[in-house]
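Report on the structure
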Amino acid sequence: MTAGTQKRARRVTFALAGVVTALLAVTGCTGIPDSGAVHSQAVSSTPNDSDVILLPPDPVSGANQSQILNGFLQAAASPQNDYGVARKYLTDDFSKTWDPNAGVLIDAGQPAETTLSDTSISISVTPLAEVDATGQYQESASSAAVTLPFTFSQENGQWRISAANPGIILEQLRFSQVFGSHPLYFYDPTYTYLVPDVRWFAKDESTSTRVVKALLAGPAPWLGQGAVVTAFPDGTETTAVVVDSGRANVPVSSQVLSQSAQALQRMQYQLDESLSTVASVASVVMTVNQNPVTVLAGPAPSVDPRVNPQALVDMANVFGYLSGNAATPIPAVSDKIQALAPLSVVSSAKVFAVATAAGVFAVQPGSNAPVLVDNRPGLVPPSVDPAGFVWSVPAGNPGAVQAYGSDGTAHAVVAGWDGATSITSLDISRDGTRALALTTSDGQPKLVVAAVIRDKDGVPERLGNPVTLASGGGTPVDATWVDESNVASLTVSASGDDRIVLQQIGGISSNLGVPVNATTIAGGNDLSGLWLLTSAGDLQQQRGSGWQTNTTGVGMLATQT
């Protein structure tokens, strides 16, 4: 099974909820080769890249301005043939300049229409989120209405739209039908891991082309500060990606031919994984001047690193992996951790970070004794990264982040959390490129993610500009990585209600039921592997719309990275 096949099999899709009616167009938010290297991926049974193909009607003769506008808004939810039906509602001149790919405004409900004159109508919409021209999704920070103007003129005796903002508008559910999320994959600086950068593109015949063009344009600004790199040389371009019988033929500019065999392998893996979510693509081949690029087989990078699906717990004075209703100890590790009276633990292949009343200890498998790496007071639960660094920060001083190497050397990590006054949790992604922090700002919980920037030796130096994610209100309790692209946060409202919010980084947020007296959450390998511990010691997992107890008597739930 290839890396692309494995990833498609394990990918979790989170659907949008909401009521639906298609809407508008706007926003200023914003020859086939038969040889060469072909890399296989699982192919969907779907014959094209659209789960729902909308068939809007053409304009009817004699339609008035309002009817033309509403027909256009409906037709703008059909991206087939470059929004061919929607363009029929425009004048010939405007049809040539209107850019539906400039952005998407995702609307909360039916727009309010106001007639300003015989040649002018405006609509008022309430934005929930926006997608820009590069496919980057951002939930709206404001619920203020946006007014969008449309100008009309007669052409051949029929009313048509002669001016409007670029882009389109869709209601929530229609957006999920018309657009799909596509992680673009870049490398960590060691080229060990492929790191996702989620984008959203319309489901039509141009999806593959848009994915590749966005990949070649580089990562989102918050990731592109040095946390990730690409194997493609600067200036690499593509034209139209042709998909024929499941094979995506990706034309790239000639500078790739001067790259090493290893660099070509890395480019191929980026394309394989980035196109793996396009339903019509089963294999990928790069071409230059219509000639296939020879790519030799090479070691695959790690995608969406996996952990033990069993919960890691402290139970009945035993620290280990949950098996049935008991913890199975880890040889040469569990006794050392148990002797420290752990308050929290985070594990990796290289080191276990253990929070105690005395501070944070590093426990390395095979080492003689735990090492106290941080004895500052008031520390939040620690984190670890794949390079073996132990991360720690005091709850009352969010900017005082430190990373401790295997030799115990402390490295200050410059961090700015957008005015946060305290921090509740800090978790490094399993690929080591991103830091997730649950903070408090202006008295409210604030969940953010930031890029991890390292020096040439891989030592963490600073965190990039934080990006705000969705979370609940009230008091922050805990946050965790669910998988490579999704995170979850736990908060408690003033009335005592717990709330867990799932957020796809670069995508949509949703609520995960209402747990009771939750104290800790810890991710596994996907949403079904998300663990929750209550104050009564009940270990729970989400089942349907609720949380079901798996076992009781658990004293502490650890995080695996």
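Residues numbered from 1 in each chain as written. Predicted model: local features only at pLDDT ≥ 70, side-chain atom pairs only at ≥ 80, totals over all residues. Heavy atoms only, no water.

One open sheet accounts for 4 strands, arranged β6-β5-β2-β9; its pairing is mixed. Of all the strands in the sheet, just β6 (137-139) and β9 (168-171) have a single pairing partner and so form its edges. On average, adjacent strands in this sheet sit at an angle of 20° to one another, irrespective of strand direction. As paired strands, strand β2 (residues 103-107) and β9 are joined by 4 bridges and run parallel to one another. Bridge assignment links D107 to a residue of β9, and that residue is E171. (Pairing = 2+ DSSP bridges. Helix = DSSP H or I, 4+ residues; strand = E, 2+ residues; numbered from the N terminus. Axes fitted to C-alpha atoms, helices over the stretch in contact; angles between N-to-C directions.)

Right, let's get into the pattern of salt bridges. Going through the model one piece at a time under the given rule, you end up with 9 salt bridges. Of the charged contacts in the structure, one is a salt bridge between D374 and R376, with a shortest N-O distance of 2.8 Å. Look at D374 and you get buried, because its relative accessible area is 2%. (Salt bridge = Lys/Arg side-chain N within 4 Å of Asp/Glu carboxyl O. Buried < 20%, exposed > 50% of the residue type's maximum accessible area, 1.4 Å probe, protein only.)

So, on to the environment of N156. Locating N156 in the fold gives a position in the loop between β7 (146-155) and β8 (158-164). On the basis of relative accessibility, which here comes to 75%, the residue N156 falls in the exposed class. In this structure the C-alpha to C-alpha distance between N156 and T91, which are 65 residues apart in sequence, comes to 9.8 Å.

Structurally, D431 can be placed in the loop between β28 (422-428) and β29 (434-441). Within polar-contact distance, the side chain of D431 engages the side chain of S429 at 2.6 Å. Polar contacts involving the side chain of D431 include one to the side chain of T433, which spans 2.7 Å. (Polar contact = N/O pair within 3.5 Å; in protein donor to acceptor, adjacent residues only side chain to side chain.)

Let us look at the pairing of strand β30 (residues 444-454). Summarising burial for β30: 9 of the 11 residues are buried, a large majority. Looking at chain direction, β29 and β30 are connected through 8 bridges and run antiparallel. Looking across to β30, one finds that T440 is bridged to P445. Hairpin connection between β29 and β30: a loop of 2 residues separates the two successive antiparallel strands, and D442 in this loop has a positive phi of roughly 55°. Looking at chain direction, β30 and strand β32 (residues 467-469) are connected through 3 bridges and run antiparallel. Paired with L447 across the strands is L469, a residue of β32. In the sheet, β30 pairs with strand β31 (residues 460-463) via 3 bridges, with the strands oriented antiparallel. Each bridged residue has a counterpart across the sheet, and for I453 the counterpart in β31 is R462. Adjacent in sequence and paired antiparallel, β30 and β31 are bridged by 5 residues, among which G458 carries a positive phi angle near 85°.

Grouped together as the largest cluster of nonpolar side chains are 48 residues, with contacts concentrated most on V250, M267, L271, L275 and M286. Aside from chain neighbours lying at most four places away, what touches M267 is A231, F232, P233, V256, Q259 and M286. In terms of nonpolar packing, the next biggest core, distinct from the first, is built from 41 residues, L54, F72, W159 and V178 among them. (Core = buried A, V, L, I, M, F, W, Y, C linked by side-chain atoms within 4.5 Å. Contact = heavy atoms within 4.5 Å.)

Moving on to the packing of helix α6 (residues 207-217) against helix α7 (residues 261-274). Look at α6 against α7: their axes get within 10 Å of each other, and the N-to-C directions meet at 135°. Classified by the interaxial angle, the pair formed by α6 and α7 is oblique. The handedness of the crossing between α6 and α7 comes out as right-handed. Residues V211, V212 and L215 of α6 form the contact with α7, whose own contacting residues are Q270, L271 and S274. (Parallel < 35°, antiparallel > 145°, perpendicular 65-115°, else oblique. Left-handed = near helix turned anticlockwise from the far one by under 90°.)

This part takes up the packing of aromatic side chains. The tally for this structure, following the rule as stated, stands at 8 aromatic pairs. Ring centres 5.3 Å apart and planes at 65° place the aromatic pair F72 and W98 in the edge-to-face group. Of this pair, F72 sits in helix α2 (residues 65-75) while W98 sits in the loop between α4 (92-97) and β2; the two residues are 26 residues apart in sequence, bridging distant segments of the chain. A single burial state applies to F72 and to W98, both of which are buried. Ring centres of F72 and F150 lie 6.5 Å apart, and the angle between their planes is 70°; on these two criteria the pair is classed as edge-to-face. With F72 in helix α2 and F150 in strand β7, this residue pair connects regions lying 78 residues apart in the sequence. Like F72, the residue F150 is buried in the burial classification. One aromatic cluster in this structure is built from F72, Y83, W98 and F150. R266 extends its terminal NZ or CZ atom over the ring of Y191, reaching a point 3.8 Å from the ring centre. (Phe/Tyr/Trp six-rings, centres within 6.5 Å; stacked < 30°, edge-to-face > 60°. Lys NZ or Arg CZ within 6 Å of the ring centre and 35° of its normal.)

Let's shift gears to the confidence of the model for the protein. In this model, the protein carries an average pLDDT of 90, and 91% of its residues clear a pLDDT of 70 or more. In this model, residues 1-48 is a region of pLDDT below 50 whose contacts with residues beyond four sequence positions or in other chains number 154 contacts. (pLDDT = per-residue confidence, 0-100.)

Where burial is concerned, most of β8 is hidden: 5 out of the 7 residues are buried. Strand direction decides the pairing type here: β7 and β8, joined by 6 bridges, are antiparallel. Paired with Q154 across the bridge in β8 is W159. The hairpin formed by β7 and β8 contains 2 residues between the paired strands, and N156 there has a positive phi angle of roughly 55°.

Right, let's get into unusual backbone geometry. One non-glycine residue, D304, lies in the positive phi region at around 50°. Structurally, D304 can be placed in the loop between β16 (302-303) and β17 (312-315). Backbone geometry at A341 places phi at a positive 55°, although glycine is not the residue there. Tracing the backbone through its elements, the reader meets A341 in the loop between α8 (334-339) and β20 (344-347). A residue is classified by how much of its surface remains accessible, and A341, at 52% relative accessible area, is exposed.

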